[in-house]
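Notes for the structure review
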Amino acid sequence: MLLPRSINRAHGKCLLMLAGLLVLPGCANHTVAVWQENDSIKLLPKKFTNYSNGMQFTLSPTAPHSPCRPDCDSVLASVVDRLNVLEVDDDADAANIWLRYGIGHQFFTPDDVTIPALQPDDRPYAGWLFASLDIVNEVKRDQPEEGFTHYRNTVGLRAGIVGPSSHGDALQSWWHDVCTCDEPQGWKYQLRDEPGFMYSLGHERKLVHRKLPRAFSFDVIGSAGGTIGNVHYGVNVGSALRLG
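Residues numbered from 1 in each chain as written. Predicted model: local features only at pLDDT ≥ 70, side-chain atom pairs only at ≥ 80, totals over all residues. Heavy atoms only, no water.

A word on the side chain of asparagine 137. Inspection of the secondary structure assignment puts asparagine 137 in strand S4 (residues 126–143). At 2.8 Å, the side chain of asparagine 137 and the side chain of asparagine 84 are in polar contact. (Helix = DSSP H or I, 4+ residues; strand = E, 2+ residues; numbered from the N terminus. Polar contact = N/O pair within 3.5 Å; in protein donor to acceptor, adjacent residues only side chain to side chain.)

Below, the discussion takes up the pairing of strand S3 (residues 95–108). For S3, the buried fraction is high: 11 of the 14 residues fall into the buried class. Across 8 bridges, the pairing between strand S2 (residues 51–61) and S3 is antiparallel. Bridged to threonine 58 within S3 is glycine 102. (Buried < 20%, exposed > 50% of the residue type's maximum accessible area, 1.4 Å probe, protein only. Pairing = 2+ DSSP bridges.)

Taken together, the buried positions of helix H2 (residues 75–83) are occupied by Ala77, Val80 and Asp81. The buried residues of H2 occupy one face: seen down the axis, they fall within an arc of 95°. Facing away from the buried side of H2 by over 90 degrees, the exposed positions are Val75 and Arg82. (Arc of directions from axis to C-beta.)

This next bit is on the nonpolar core. Within the largest apolar cluster, 8 residues are counted, these being Leu59, Val80, Ile97, Leu99, Tyr101, Leu133, Ile135 and Val155. Residue assignment for this core shows that the elements contributing at least two residues are S3 and S4. (Core = buried A, V, L, I, M, F, W, Y, C linked by side-chain atoms within 4.5 Å.)

For the rest of this paragraph, the subject is unusual backbone geometry. The residue histidine 167 is not glycine, and still its phi comes out positive at about 60°. At alanine 215, a position not held by glycine, the phi torsion is positive, near 65°. As for its placement among the helices and strands, alanine 215 is situated in the loop between strand S6 (194–211) and strand S7 (217–229). Owing to a relative accessible area of 77%, alanine 215 belongs among the exposed residues under this scheme.

This is the structure:
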């Protein structure tokens, strides 16, 4: 199936952003991750989220970042050091700084996409194309005299564009053509072009760690964070149980 010209333009923007990631220093020693979400598989009814589709590509260096203040030869390293307000003041053997670069796209729609008219009481159509940088400050220590310590402080940055230039309309039309779903009718009422920005801080800590027989372990992890920006803002608190 041939892609619409607008999809090709969107892919062109994504490829340019991805190329920018691939020319980062030491890109050969990176881990690549890809994720895809769609509202055809969901736990909550769509009326609670209006989140239709999302995809993201990330690159993560396999070696930790080394702060270079006050003299940095690398512009990227200098930017990372300035942004990293949650850097851990700990011994070098226990603390590491990990970086994750990415590009992503999301779009949001009203609950009923078959209505061609403006729906002022529902969420508007909107696409969000962005680049991302996550700085993860990790401390991991397991010593008999100090006990087990494992936590992460994360600084996240998202910057991109909301509006027609993100090509959310063409992407959703293509997805719905592939899955033979209802054709979206209201994208002409989508939000206008506007720069988007999000800045987030988070903390994740392993509260309980128990070693079990046969190399198994049991963990309880707590997390908290907050985000500010013109695309999304809020706070979150959560926990997770892990056995494996």
